[in-house]
Amino acid sequence: MIKRILTGDRPTSPLHLGHYVGSLQNRVRLQEEYDTYLLIADVQALTDNFEHPEKLEANIFEVALDYLAVGIDPNKSKFVVQSMVPELTELTIYFMNLVTTATLERNPTLKDEIKQKNFIKNLPVGFYTYPISQASDITIFKAHLVPVGEDQLPMIEQAREIVRRFNRMYDKVLIEPKALVGEVARLPGTDGGAKMGKSLGNCIYLGDPPDVVRKRVMSMYTDPTRVHPTDPGHVEGNPVFTYHDVFNPDKAEVEDLKERYRKGKVGDVEVKEKLFKALNVVLEPIRARRERFASKPERVREIIVEGTRKGRAVAQETMAEVRTAMKISYKF
Ligand code: ATP
Ligand code: MG
């Protein structure tokens, strides 16, 4: 049996460099061996954007464009819109019985995000329970592997716990998924924050034109202790150098810049200029493919509809098994 991948993204905005190194690269590589489903998670996006549902439709399209731009092949990977698979909602309701509030409270990513979004006093139940809905996303597709960034590891762990409970209590229907973290587990933001994130305003987007990328690089956070270019600087924890390590293939150039930076022999502008060049080499072909698909919106829509149709068929099959296992597959 060919193994499956399920992973996805929230259509809260187009995708960025963090997605690329955290998860997209792995998807491009693995779509050759795995039956791949990519969930465009609009229902999850609503859990913290419920006041702005109008953002979703355009961003579903943008995320699909980003998939195509990085080389995801729609003949191998299915793009599935979450809200168009209502079986996911049903499974989520059943899973809710298998999770305690104490488990949710301990989820470190959820805790961080609740703080970040200022939900401490007014926590919507929908947001609080999104790890359960994410467990449905993964398991309804019977995914073996979930390529994700590091922040998602607690979600995969939650899904594994639910699967173990379900299989023990009802019947062995579901598959315990494994996470696969990308080349970079967590790309920092341009602001020096721990994670580049769409909701954090610290991103370089895959579709950004060169002048925008340049502006974002030039305004990047560097070493706050360094006032003049002649001051010795810190390379570790400096996102400009983290990006150099990830995106600049010229290792000798990076080593030389680091050495001069530590000694106070190079200015931020030169380091950033070289980073911009390296990033542009990565982004140029992505941008070109993105523009090509953007000019054929009908084709992109077809890809989404077709992927969702195939994804829903898998979800319906799993749900039939789930209902039988739970003895709620009534005859009347
Ligand atoms: P939001 O702020 O709306 O939550 P996000 O940038 O966190 O957006 P998601 O759609 O939540 O993006 O995440 C999609 C996938 O990309 C997840 O697997 C996540 O772990 C991964 N990812 C997101 N940001 C990064 C990052 N900075 N480094 C590595 N992986 C990332
Ligand atoms: Mg996120």
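Residues numbered from 1 in each chain as written. Chains lettered and ligands numbered in written order. Predicted model: local features only at pLDDT ≥ 70, side-chain atom pairs only at ≥ 80, totals over all residues. Heavy atoms only, no water.

Description of the domain arrangement of the protein
Entries for the protein in the domain assignment read domain 1 (4–188 + 297–325) and domain 2 (207–290). Placing the centre of domain 1 and that of domain 2 at their C-alpha centroids yields a distance of 33 Å. Taken together, the 15 residues of domain 1 in the interface contact twelve residues of domain 2. The contact between domain 1 and domain 2 buries some 1100 Å² in all, and 68% of this surface belongs to carbon and sulfur atoms. When residues of domain 1 are sorted by the area they lose upon contact with domain 2, L17, A69 and P188 head the list and together hold 45% of the total. For E62, the salt bridge goes to R290, with nearest N and O atoms at 2.8 Å. (Domains from an automatic or database assignment. Contact = heavy atoms within 4.5 Å. Buried area = accessible area lost by both parts, 1.4 Å probe. Salt bridge = Lys/Arg side-chain N within 4 Å of Asp/Glu carboxyl O.)

Looking at the packing of helix α8 (residues 130–140) against helix α9 (residues 153–169)
Two numbers describe a pair of packed helices, the interaxial angle and the distance between the axes. Axis separation between α8 and α9 bottoms out at 9 Å; the angle between their running directions is 70°. The angle between the axes of α8 and α9 places the two elements in the roughly perpendicular class. On α9, the residues that touch Y130, P131, I132, Q134, A135, I138 and T139 of α8 are M155, I156, Q158, A159, I162 and V163. Residues belonging to the contact of α8 with α9 are distributed by class as follows: ten nonpolar, three polar and no charged. (Axes fitted to C-alpha atoms, helices over the stretch in contact; angles between N-to-C directions. Helix = DSSP H or I, 4+ residues; strand = E, 2+ residues; numbered from the N terminus. Parallel < 35°, antiparallel > 145°, perpendicular 65-115°, else oblique. Nonpolar A, V, L, I, M, F, W, Y, C, P; charged D, E, K, R; others polar.)

Quick look at the site of ligand 1
Taken together, 20 residues surround ligand 1, and among them D151, L187, K195, K198 and S199 come closest. At 2.5 Å from an oxygen atom of ligand 1 is found a side-chain nitrogen or oxygen belonging to D151. Measuring from an oxygen atom of ligand 1, one finds a side-chain N or O atom of S199 at 2.6 Å. Calculation on ligand 1 without its partners gives an accessible area of 600 Å², and the protein chains cover 95% of this total. Elements represented by at least two residues in the shell around ligand 1 include exactly β1 (4–9) and α1 (17–30). Within the shell around ligand 1, the residues separate by chemical class into four nonpolar, ten polar and six charged. (Near = heavy atom within 4 Å. Polar contact = N/O pair within 3.5 Å; in protein donor to acceptor, adjacent residues only side chain to side chain. Areas by Shrake-Rupley, 256 points an atom, 1.4 Å probe, with all protein chains shown as cover.)

Focus: the side chain of D66
Tracing the sequence through the fold places D66 in helix α3 (residues 54–70). Residue classification places D66 among the buried residues on the basis of a relative accessible area of 0%. At 2.7 Å, the side chain of D66 forms a polar contact with the side chain of R290. Discounting residues that sit within four places of it in the chain, D66 has contacts with P14, L15, L206, G207 and R290. (Buried < 20%, exposed > 50% of the residue type's maximum accessible area, 1.4 Å probe, protein only.)

Some details on the pattern of salt bridges
Taken as a whole and judged by the stated rule, the model has 32 salt bridges. Across the pair R10 and D48 runs a salt bridge whose closest N-O atoms are separated by 3.0 Å. On the criterion of sequence distance, the pair formed by R10 in the loop between β1 and α1 and D48 in the loop between α2 (42–46) and α3 is long-range, its members being 38 residues apart. The exposure classification of R10 matches that of D48, with both residues buried. As a salt-bridge pair, D245 and K258 come within 2.9 Å of each other at their nearest N and O atoms. Placement of D245 in helix α11 (residues 239–247) and of K258 in helix α12 (residues 251–263) is noted, with a sequence separation of 13 residues between them.

Details of the packing of aromatic side chains
Taken as a whole and judged by the stated rule, the model has nine aromatic pairs. Where Y67 meets F79, the ring centres are 5.1 Å apart and the plane angle is 80°; that geometry is what we call edge-to-face. Placement of Y67 in helix α3 and of F79 in strand β3 (residues 77–81) is noted, with a sequence separation of twelve residues between them. Among the residues examined, Y67 registers a relative accessible area of 0% and is labelled buried. On the basis of relative accessibility, which here comes to 1%, the residue F79 falls in the buried class. Considering the side-chain rings of F241 and Y261, the 4.9 Å spacing of their centres and the 65° angle between planes classify their relative orientation as edge-to-face. On the criterion of sequence distance, the pair formed by F241 in helix α11 and Y261 in helix α12 is long-range, its members being 20 residues apart. (Phe/Tyr/Trp six-rings, centres within 6.5 Å; stacked < 30°, edge-to-face > 60°.)

Looking at the packing of α3 against helix α14 (residues 297–325)
At a minimum axis distance of 10 Å, the contact between α3 and α14 shows a crossing angle of 90°. When the axis of α3 is compared with that of α14, the two are roughly perpendicular. Across the interface between the two elements, I60, F61, A64, L65 and L68 from α3 touch P297, V300, I303 and I304 from α14. The residue inventory of the contact of α3 with α14, partitioned by class, reads nine nonpolar, no polar and no charged.

Details of α1
Taking 1.5 Å of rise per residue, the 14 residues of α1 would be expected to cover 20 Å, and the 19 Å separating its terminal C-alpha atoms lies within 8% of that figure. The largest bend along α1 measures about 45° and falls at S23. For α1, the tally of buried residues reaches eleven of 14 residues, placing the bulk of the element in the interior. Among all positions of α1, only L17, G18, H19, Y20, V21, G22, S23, L24, N26, R27 and L30 are buried. (Expected span 1.5 Å × (residues − 1). Bend = angle between axes of the 7 residues up to and from the residue.)

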